[in-house]
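# Structural overview
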Amino acid sequence: MSLEALTEPQRGPVFFDRRELERILRVYGRGIAAGQWRDYSVLSHDDAAEFAIFHRSGDAPLYRIEKRPALQRRQGQWAVYGSGGQVLKRGRDLEVVLKVFEARRFTVVD
């Protein structure tokens, strides 16, 4: 094995592991129960994995949860993007990043 092979990051598709997907689906389930969300998609790219949340299946995603391992040492591998592409939260720990959805629970008070 060459020295170059040891220093290069691993290439290939990025996936969510079981624990990560379980945490994301827990948040998604709360949105379903509240009637806010109705559909989702999971995508795997060479450099990132993405979980997109939709209000309806034909709409653009409301939120995207992205795992990009190459950014782990810089700004964190996890990010939540809003519908306009703005970064709502970024970090190294998935639980901390997913707390952005807890802050978005609103109730109407008369």
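Scoring rules and cut-offs
Residues numbered from 1 in each chain as written. Predicted model: local features only at pLDDT ≥ 70, side-chain atom pairs only at ≥ 80, totals over all residues. Heavy atoms only, no water. pLDDT = per-residue confidence, 0-100. Helix = DSSP H or I, 4+ residues; strand = E, 2+ residues; numbered from the N terminus. Contact = heavy atoms within 4.5 Å. Patch = residues over 30% accessible without salt bridge, like charges linked within 9 Å, V, L, I, M, F, W, Y side chains within 5 Å. Areas by Shrake-Rupley, 256 points an atom, 1.4 Å probe, with all protein chains shown as cover. Salt bridge = Lys/Arg side-chain N within 4 Å of Asp/Glu carboxyl O. Buried < 20%, exposed > 50% of the residue type's maximum accessible area, 1.4 Å probe, protein only. Polar contact = N/O pair within 3.5 Å; in protein donor to acceptor, adjacent residues only side chain to side chain.

### What to know about the confidence of the model for the chain
Per-chain confidence: the chain averages 82 in pLDDT, with 82% of residues scoring 70 or above. By mean pLDDT, helix α1 (residues 3–7) is the weakest element of the chain at 46, and strand β2 (residues 49–54) is the strongest at 93. Counted against residues more than four places away or in other chains, residues 1–8, with its pLDDT under 50, gives 1 contact.

### Description of a nonpolar patch on the surface
On the surface, Leu25, Tyr40 and Val42 cluster together into a nonpolar patch covering about 240 Å² of accessible area. Take Leu25: it is sitting in helix α2 (residues 18–33). With relative accessibility at 34%, the residue Leu25 sits in the partly exposed group.

### Overview of the side chain of Glu66
Here Glu66 is to be found in strand β3 (residues 63–67). Judged by relative accessible area, Glu66 falls into the buried class, the value being 6%. Of the polar contacts made by the side chain of Glu66, one reaches the side chain of Arg68; its length is 3.1 Å. In terms of polar contacts, Glu66 uses its side chain to reach the side chain of Tyr81, at 3.3 Å. Other than its neighbours up to four places away in sequence, Glu66 contacts Ala48, Ala49, Gln77, Trp78, Ala79 and Tyr81.

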